[in-house]
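Spelled out from the first residue to the last, the chains are:
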Amino acid sequence: MKVLVLTGAGISAESGIPTFRGEDGLWEGHRFEDVATPQAFARNPDLVHQFYNARRKALQNESVQPNAAHVALAEFEKRHDGEFLLVTQNIDDLHQRAGSRNVLPMHGELLKARCMLTGDLFDWRGDLSVQTPHPTEPDLVGTLRPHVVWFGEMPLGLERIAAFAEDCDLFLAIGTSAVVYPAAGIVAATDPHCRRVEINLDHTPQSDRFDLTIRGKASIEVPKFLESLE
């Protein structure tokens, strides 16, 4: 069985990570246009760095740990004989910490920094600023940015995701609102034979496309569902 999993903010919310976008449309008190676009970074890099520095620090707080849903997915992958790909819209590292191996972070990774000139990618746990030098080319200063996909930028790994979705046997969407494209279009890209399952707290605009919709917390429903497959 070829299994494709898509996870969104709902799976990490139970680990203490805010779903980021509030009901008022603000992201932790900021308009996304001011902190999560290439134009925002060009206009006010200090503000953008401050925003992501705070999120990076919060992610590394000892209270933030993988929950039962992250662990269940990692354990299922280890037991599973067929192909498995876990695509996440989240920029945290909770899937990797739980032990998942085939993880595709389509919106980037918060604990990485990227050089805008060279494309070099670095593991990064401290702060970034316009004064931060390139780790291996110290003459380059202020060229590093968070390795996250901002609004207006292309998500990562789209060709690989599309190819995997074409002939997967099970598509499992967990904790995603299914309103942000292209992630929201993955369910439509699956083959008619594919079994489509949604696990989410609430109904989503894509719920009618799924063969089975399960309402409840990911930490409870994901382990139960994965156990039912065996």
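The structure this text deals with has already been given above.
Cut-offs and rules
- Residues numbered from 1 in each chain as written.
- Predicted model: local features only at pLDDT ≥ 70, side-chain atom pairs only at ≥ 80, totals over all residues.
- Heavy atoms only, no water.
- Axes fitted to C-alpha atoms, helices over the stretch in contact; angles between N-to-C directions.
- Helix = DSSP H or I, 4+ residues; strand = E, 2+ residues; numbered from the N terminus.
- Parallel < 35°, antiparallel > 145°, perpendicular 65-115°, else oblique.
- Left-handed = near helix turned anticlockwise from the far one by under 90°.
- Contact = heavy atoms within 4.5 Å.
- Nonpolar A, V, L, I, M, F, W, Y, C, P; charged D, E, K, R; others polar.
- Expected span 1.5 Å × (residues − 1).
- Buried < 20%, exposed > 50% of the residue type's maximum accessible area, 1.4 Å probe, protein only.
- Salt bridge = Lys/Arg side-chain N within 4 Å of Asp/Glu carboxyl O.
- Phe/Tyr/Trp six-rings, centres within 6.5 Å; stacked < 30°, edge-to-face > 60°.
- Lys NZ or Arg CZ within 6 Å of the ring centre and 35° of its normal.
- Core = buried A, V, L, I, M, F, W, Y, C linked by side-chain atoms within 4.5 Å.
- Pairing = 2+ DSSP bridges.

Caption draft 1: Quick look at the packing of helix α5 (residues 68-79) against helix α9 (residues 218-228). The contact between α5 and α9 brings their axes to 7 Å, and the two run at 20 degrees. It follows that α5 is roughly parallel to α9 by the angle criterion. For the pair α5 and α9, the crossing hand works out as left-handed. Where α5 abuts α9, its residues Ala-68, Ala-69, Ala-72, Leu-73 and Phe-76 lie against Ala-218, Ser-219, Val-222, Pro-223 and Leu-226. Grouping the amino acids of the contact of α5 with α9 by side-chain chemistry returns nine nonpolar, one polar and no charged.

Caption draft 2: Inspection of helix α4 (residues 45-59) at higher detail. With 15 residues, α4 extends 21 Å between its outermost C-alpha atoms, agreeing within 8% with the 21 Å of an ideal straight helix rising 1.5 Å per residue. Taken together, the buried positions of α4 are occupied by Val-48, His-49, Phe-51, Tyr-52, Asn-53, Arg-55, Arg-56 and Leu-59.

Caption draft 3: Region of the structure containing the pattern of salt bridges. Applying the stated criterion across every chain, the model contains nine salt bridges. Salt-bridge contacts for Asp-93 lead to Arg-97; the nearest nitrogen and oxygen are separated by 3.1 Å. The exposure class of Asp-93 is buried, given its relative accessible area of 13%. The partly exposed category is assigned to Arg-97, whose relative accessible area is 35%. Three or more residues are tied together by salt bridges with common partners; here these are Arg-31, Glu-33, Asp-34 and Arg-43.

Caption draft 4: Molecular detail of the packing of aromatic side chains. What the rule picks out here adds up to six aromatic pairs. Pairing Phe-51 with Tyr-52 gives two aromatic rings, centres 5.1 Å apart and planes at 85 degrees, and the pair type is edge-to-face. With respect to burial, Phe-51 and Tyr-52 carry one shared label: buried. Judged by centre distance (6.3 Å) and plane angle (45 degrees), the ring pair of Tyr-52 and Trp-150 falls under tilted. Linking Tyr-52 in helix α4 with Trp-150 in the loop between β6 (144-148) and α7 (158-166), this pair joins segments that are 98 residues apart in sequence. We note that Tyr-52, like Trp-150, is buried. Members of the aromatic cluster, connected to one another through ring pairs, are Phe-41, Phe-51, Tyr-52 and Trp-150. Across the ring face of Phe-164, the terminal group of Lys-2 is positioned such that the distance to the ring centre comes to 4.5 Å. Positioned above the aromatic ring of Trp-150 is the side chain of Arg-145, whose terminal nitrogen or guanidinium carbon lies 3.8 Å from the ring centre.

Caption draft 5: Geometry of the nonpolar core. In this structure, Val-5, Leu-73, Leu-172, Ile-174, Val-222, Phe-225 and Leu-226 are the most contacted members of the largest nonpolar core, which totals 19 residues. At the level of secondary structure, the elements contributing two or more residues to this core comprise β1 (3-7), α5, β2 (84-88), β7 (170-174), β8 (195-200) and α9. Apart from residues no more than four positions distant in its own chain, Val-5 is found in contact with Leu-73, Phe-84, Leu-85, Leu-86, Val-87, Leu-172 and Ile-174. Core analysis: the second largest hydrophobic core is formed by 17 residues, Leu-85, Met-106, Phe-164 and Cys-194 among them.

Caption draft 6: Focus on the pairing of β8. Counting buried residues in β8 gives five out of six residues, a clear majority hidden from the surface. Two strands pair when backbone bridges link them, and β7 and β8 are joined in this way by five bridges, in the parallel orientation. In the strand pairing of β8, Leu-172 is matched with Val-197. The pairing of β8 with strand β9 (residues 212-215) spans four bridges and is parallel. In the strand pairing of β9, Val-197 is matched with Leu-212.

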